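Residue-level structural notes
Okay, here's what each chain looks like letter by letter:
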Amino acid sequence: MPPRVRLTPGETARLPDLLARVDALRAEFPIGADASVQAGWIRERYTDKLPPTLNLITLLLFEHGVHRSADQVAHDLAMLREES
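Residues numbered from 1 in each chain as written. Predicted model: local features only at pLDDT ≥ 70, side-chain atom pairs only at ≥ 80, totals over all residues. Heavy atoms only, no water.

A short note on the packing of helix α3 (residues 35-45) against helix α4 (residues 54-63)
In the contact formed by α3 and α4, the axes pass within 10 Å of each other and the chain directions differ by 105 degrees. Classified by the interaxial angle, the pair formed by α3 and α4 is roughly perpendicular. In contact with Q38, A39, I42 and R43 of α3, α4 contributes I57, L60 and L61. Counted by class, the contact of α3 with α4 contains five nonpolar, one polar and one charged residues. (Axes fitted to C-alpha atoms, helices over the stretch in contact; angles between N-to-C directions. Helix = DSSP H or I, 4+ residues; strand = E, 2+ residues; numbered from the N terminus. Parallel < 35°, antiparallel > 145°, perpendicular 65-115°, else oblique. Contact = heavy atoms within 4.5 Å. Nonpolar A, V, L, I, M, F, W, Y, C, P; charged D, E, K, R; others polar.)

A word on the packing of aromatic side chains
Taken as a whole and judged by the stated rule, the model has two aromatic pairs. Ring geometry for W41 versus Y46: centroids 6.4 Å apart, planes at 70 degrees, classification edge-to-face. Overall, the relative accessible area of 0% leaves Y46 in the buried class. Here a set of aromatic residues connected by ring pairs shows up, and it is made of F29, W41 and Y46. (Phe/Tyr/Trp six-rings, centres within 6.5 Å; stacked < 30°, edge-to-face > 60°. Buried < 20%, exposed > 50% of the residue type's maximum accessible area, 1.4 Å probe, protein only.)

Regarding the nonpolar core
Counting 17 residues, the largest nonpolar core has I42, Y46, I57 and L61 as its most contacted members. Listed by contribution, the elements that provide at least two residues to this core are α1 (9-20), α2 (22-25), α3, α4 and α5 (70-83). Broken down by element, this core gets its largest block of residues, five residues, from α4. Once residues lying within four places of it in the same chain are set aside, the contact partners of I42 are F29, P52, I57, L60, L61 and H64. (Core = buried A, V, L, I, M, F, W, Y, C linked by side-chain atoms within 4.5 Å.)

Digging into α3
Of the positions making up α3, those classed as buried are A35, S36, Q38, A39, G40, W41 and I42. The elements touched by buried residues of α3 are α2, α4 and α5.

From the geometry alone we can't say anything about function, so treat these as descriptive.
In structure tokens, the structure reads:
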């Protein structure tokens, strides 16, 4: 079951284009990497005009087979920022 996130109208409008890219990127996804690396990978690979939001990153992680809550993804991204 997908994570529970509420998408804004803007996020909802972006979601189809982002989901269309999942299959093309599936083989590159760092499945064995730690959580912050995976969240950063999603943020980098799925940035178009704007980087994906927390909710979109959470959903895209799910599409790549990783089940995390939005709260956990927010923590993972914070850890990534601290490491940079």
